[in-house]
Amino acid sequence: AQSVTQLGSHVSVSEGALVLLRCNYSSSVPPYLFWYVQYPNQGLQLLLKYTTGATLVKGINGFEAEFKKSETSFHLTKPSAHMSDAAEYFCAVTINTNAGKSTFGDGTTLTVKP
Amino acid sequence: DTAVSQTPKYLVTQMGNDKSIKCEQNLGHDTMYWYKQDSKKFLKIMFSYNNKELIINETVPNRFSPKSPDKAHLNLHINSLELGDSAVYFCASSLDARGKLFFGSGTQLSVL
């Protein structure tokens, strides 16, 4: 079984400041890790994913995340927040043996202040 | 062309009614899903189909019955709707069981 914990249900940053959204996972086998973003009244869309290989992955809109196996973490960062980044962010884990069952974290609401 | 489309976008109905939500994907994916997002934005998988075959059936009441007539379509029928069924239901698809998910825009179900 796998699980995901997103630390901080609400994160508020000023425009231009660093964005850091935290995600820790639990998995008995090597996981596939994803970050999704959900804008109001829309479905989720993929920001980035880690499967194998390079542990620092770059995604859309200037976001990146680093897979740290020793810390079981996959934190999402962006150097400089834009107002348009305000949304709900979900971390998800999928493992190979679980027939496509992605487990999602509870989400983090990102607010960007002008 | 919308990759994953679901209808209707909004559904308002009375307790006890039966309703259906339809989903279609034009991505050629083999795997389709239904997810439920509650009022606190928690997202939970309900069902997963791979090439028309049910592969994941989470602890969902029997009142919920998915149907996949072909691998591009996955519909969700709900019998005897209850207040607690009010939520946003998302359809999604993926190329395979480990791939990224493509989500529809959701169906907001309100049971009065």
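The preceding data block contains the structure.
Everything numeric here is computed off the predicted structure, so don't read it as measured data.

Calculation criteria
Counting restarts for each chain: residues are numbered from 1 in the order of the written sequence. Each chain takes a letter, starting from A, and each ligand takes a number, starting from 1, following the order in which they are written. Reporting of local features is limited, given that this is a predicted model, to residues whose pLDDT is at least 70; pairs of side-chain atoms are given and counted only at 80 or more, and all residues count toward the totals for whole chains, interfaces and linings. Computation of side-chain values covers all heavy atoms of the structure but excludes hydrogens and water. To count as a disulfide, a pair of cysteine sulfur atoms needs to be within 2.5 Å. Put simply, DSSP marks the helices as runs of H or I at least four residues long and the strands as runs of E at least two long, and each gets a number from the N terminus on. The criterion used for residue contact is that any of the two residues' heavy atoms lie within 4.5 Å. Here the quantity called buried area is the accessible surface, traced with a 1.4 Å probe, that two parts lose on coming together, added over both. Here, a salt bridge means any side-chain nitrogen of Lys or Arg that lies within 4 Å of a carboxyl oxygen of Asp or Glu. The term polar contact refers here to a pair of N or O atoms within 3.5 Å; inside protein, the definition further demands a hydrogen-donor-capable atom paired with an acceptor-capable atom, and it admits residues adjacent in sequence only when both atoms are side-chain atoms. Definition used in this section: a nonpolar core is a set of buried Ala, Val, Leu, Ile, Met, Phe, Trp, Tyr and Cys residues joined via side-chain atoms within 4.5 Å. Exposure categories follow from relative accessible area, calculated using a 1.4 Å probe and restricted to protein chains: below 20% of the type maximum is buried, above 50% is exposed, and the middle band is partly exposed.

1. Points about the state of the cysteines
Residues and elements named next belong to chain A.
Link 1 in the chain: Scanning the model with the defined rule gives two disulfides over all chains in all.
Link 2 in the chain: Between the sulfur atoms of Cys23 and its disulfide partner Cys91 the distance amounts to 1.9 Å. What sets the handedness of the Cys23 and Cys91 disulfide is the S-S torsion sign, and at about -65° it is left-handed. Highlighted residues: Cys23 in strand β3 (residues 19-26) and Cys91 in strand β9 (residues 87-95), separated in sequence by 68 residues.

2. Topic: the interface of chain A and chain B
Link 1 in the chain: Facing the 20 residues of chain A at the interface are 21 residues of chain B.
Link 2 in the chain: Taken together, both faces of the contact between chain A and chain B bury some 1,800 Å²; the carbon and sulfur share is 58%.
Link 3 in the chain: Linking chain A with chain B are zero salt bridges.
Link 4 in the chain: For the interface between chain A and chain B, the tally reads two residue pairs in polar contact (both at pLDDT 80 or more).
Link 5 in the chain: Put simply, the parts of the chain that give the side of chain A that touches chain B at least two residues each are β4 (31-38), β5 (44-50) and β9 of chain A.
Link 6 in the chain: For the side of chain A that touches chain B, the element with the most residues is β4(A), which contributes four residues.

3. Overview of the nonpolar core
Link 1 in the chain: Core analysis: the biggest nonpolar cluster contains 27 residues, and A:Trp35, A:Leu48, A:Phe74, A:Leu76 and A:Tyr89 have the highest contact counts within it.
Link 2 in the chain: Within the residue set of this core, elements represented by two or more residues are β2 (10-14), β3, β4, β5, β7 (64-68), β8 (73-78), β9 and β11 (108-113) of chain A.
Link 3 in the chain: Ignoring sequence-local partners within four residues, the contact set of A:Leu76 consists of A:Val19, A:Leu20, A:Leu21, A:Trp35, A:Leu47, A:Leu48, A:Phe63, A:Glu64, A:Ala65 and A:Tyr89.
Link 4 in the chain: Counting 20 residues, the second-largest nonpolar core is a separate cluster that includes B:Ile21, B:Val60, B:Tyr89 and B:Val111.

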